[in-house]
Amino acid sequence: MSGSPYPLGLRLAGRRVVVVGGGAVATRRVPALLDAGADVLLVAPELTPALRAHVDAGRLRWEPRRFVPDDLDGAWLVQVAVDDRVAAASVSAAAAERRIFCVRADDRAAATAWTPAVTRHGPVTVAVLGGGDPRRAMGVRDAVRELLAARAGEPASDDAAAGAAPGRPSVPAPGGPDTGAAPVGRVALVGAGPGDPELITVRGWRLLTEAEVVVADRLVPGLLLDELRPDVELVDASKIPYGPSRAQEEINRILVDRARAGKVVVRLKGGDPYVFGRGGEELLACAEAGVPVTVVPGVTSAISVPAAAGVPVTHRAVSHEFTVVSGHVAPDSPASLVRWESLAGLRGTLVVLMGLKNLAAISATLVAHGRPAGTPAAVIQEGTTTGQRAIRSTLGTVAADVEAAGLRPPAIVVIGDVVGALDA
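A few points on the structure. The structure displayed is predicted, hence computed values, not measured ones.

Before going further, it helps to spend a moment on the sheet that holds strand 2 (residues 39–43). Here five strands make up an open sheet; going across it, the order is 3-2-1-4-5 and the pairing parallel. Both edges of this open sheet fall to strand 3 (61–63) and strand 5 (101–104), since each of them pairs with a single strand only. Between one strand and the next, the sheet's axes are offset by a mean angle of 20°, whatever the strand orientation. Summarising the sheet, strand 1 (residues 16–20) and strand 4 (residues 75–80) pair through five bridges and their orientation is parallel. Bridge pairing in strand 4 links Val17 to Leu77. In the packing of helix 3 (residues 85–97) onto the sheet, the strands contacted are strand 1, strand 4 and strand 5, and the crossing angle to strand 5 comes to about 165°.

What follows is the structure in structure tokens.
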């Protein structure tokens, strides 16, 4: 096929897009389709935990089987995210018969459409095609992003170098240049922020563009994964609540093994690496193995998500304190490390992360120990994203109101008078 590709922006809102495959490539491509509002049909015998989370949240439909040509009926676009060339060719043939554009991860030359290297800067979306060379496209894309950031007054490129810069937490590699030791890669623990891909820090994004391996949690913004280079190894370390989970020891092993192989590894975590994120455990595992680590703080959902819903965690003459607590363990569980009776006596703001499952028990415990049942409460689901939903309630009724509204994780619970502090 000859000729230059014709650039086009597809408006996919409400239109059927079929994705064939449920592995790492699909994990990277699906978030951009969902962000575009596409009606996504995913066809694959098995899914990564991150994709399964989209299914469970009702964002897309999944057919747990192999592709059949009828899957393309009514589709406007198909993305083939499998490495089986025979299977990919059969999808291409079915798409060609129906005059549906087909993107192929396995063979760009055989595809009728290409996915560009994309960067987003506010309302501006820049898509770069590199003449079939993904690395060229990524290089130009990154240069454009740096230019847009500079024009907006953000910090220019500084030290996206091997180790941490002065003032940034780091664990050095053992020995020095004269030890004769084999080259050791490095690990960066990067906080991705609460959900909006533009809320990752500039340094975090730069390290992500350098990465050769990305180990990502379920809560990281999917659009960040869509911007990774095609040759980046994506490890889905999703921890789906009450579902599939990769043991923390296995995550630690992956970080160490890839770094020992000389790779640049980014451990991408939702929010901040150290706020209920097990970043400390991962740093210690790398330090024990002699792997250098850079820690890049992230915007924690404990503060940013309430702010996105119009709730400040502190406010003059309303609250002089706020407490952040994990609610993943029930108050009456022997495993709980939280003194809920003490929290009930505080006058400030209480922010509960990972507490939706135990919300009824948490609210009842706080009321039983003296926090008034009429205390204002708010629950914000998927804060800072296009899927954000929020309800206002009181401590005594919030659990029932959440159930009635059908809210689901991830969600932040805020308890205190600040919930109504900004109401007009």
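Read on, since the account is not over.
This part covers unusual backbone geometry. Cis rather than trans, the peptide bond between Pro409 and Pro410 has omega equal to -5°. As for its placement among the helices and strands, Pro410 is situated in the loop between helix 12 (398–405) and strand 18 (411–415). The backbone of Phe276 sits at a positive phi, close to 55°, despite the residue not being glycine. On the secondary structure map, Phe276 appears in the loop between strand 12 (264–269) and helix 8 (279–288). Among the residues examined, Phe276 registers a relative accessible area of 42% and is labelled partly exposed. The backbone of Arg278 sits at a positive phi, close to 60°, despite the residue not being glycine. Along the chain, Arg278 falls in the loop between strand 12 and helix 8.

This part takes up the side chain of Arg28. Following the sequence through the fold, Arg28 ends up in helix 1 (residues 24–35). Of the side chains with opposite charge, Asp226 lies nearest to the buried Arg28, which makes no salt bridge, at 6.5 Å. Not counting residues within four places of it along the chain, the set of residues in contact with Arg28 comprises Gly222, Leu225, Asp226, Leu228, Arg229, Pro230, Val232 and Leu234.

All right, on to the packing of helix 11 (residues 359–368) against helix 12 then. Between helix 11 and helix 12, whose axes approach to 8 Å, the crossing angle comes to 160°. On the basis of their axis angle, the class for helix 11 and helix 12 is roughly antiparallel. The way helix 11 lies across helix 12 gives a crossing that is right-handed. Along the contact surface, helix 11 presents Leu359, Ala360 and Ser363, while helix 12 presents Val398, Ala399 and Val402. Residue classes in the contact of helix 11 with helix 12 are distributed as five nonpolar, one polar and no charged.

Of all five residues that make up strand 2, four are buried, and the element is covered over most of its length. Inspection of the sheet shows strand 1 paired to strand 2 by five bridges, in the parallel sense. In the sheet register, Val18 faces strand 2, and the bridge partner there is Leu41. Where the polypeptide runs from strand 1 across helix 1 and back to strand 2, its parallel neighbour, the crossover connection is right-handed. Bridging between strand 2 and strand 3 involves three bridges; their strand directions are parallel. Across the sheet, Leu42 pairs through a bridge with Trp62, a residue of strand 3. For the segment spanning strand 2, helix 2 (residues 49–56) and strand 3, crossover handedness is right-handed.

Calculation criteria
Residues numbered from 1 in each chain as written. Predicted model: local features only at pLDDT ≥ 70, side-chain atom pairs only at ≥ 80, totals over all residues. Heavy atoms only, no water. Pairing = 2+ DSSP bridges. Helix = DSSP H or I, 4+ residues; strand = E, 2+ residues; numbered from the N terminus. Axes fitted to C-alpha atoms, helices over the stretch in contact; angles between N-to-C directions. Contact = heavy atoms within 4.5 Å. Buried < 20%, exposed > 50% of the residue type's maximum accessible area, 1.4 Å probe, protein only. Lys, Arg positive; Asp, Glu negative; His and termini not counted. Salt bridge = Lys/Arg side-chain N within 4 Å of Asp/Glu carboxyl O. Parallel < 35°, antiparallel > 145°, perpendicular 65-115°, else oblique. Left-handed = near helix turned anticlockwise from the far one by under 90°. Nonpolar A, V, L, I, M, F, W, Y, C, P; charged D, E, K, R; others polar. Right-handed = clockwise from strand over helix to strand, strands pointing away.

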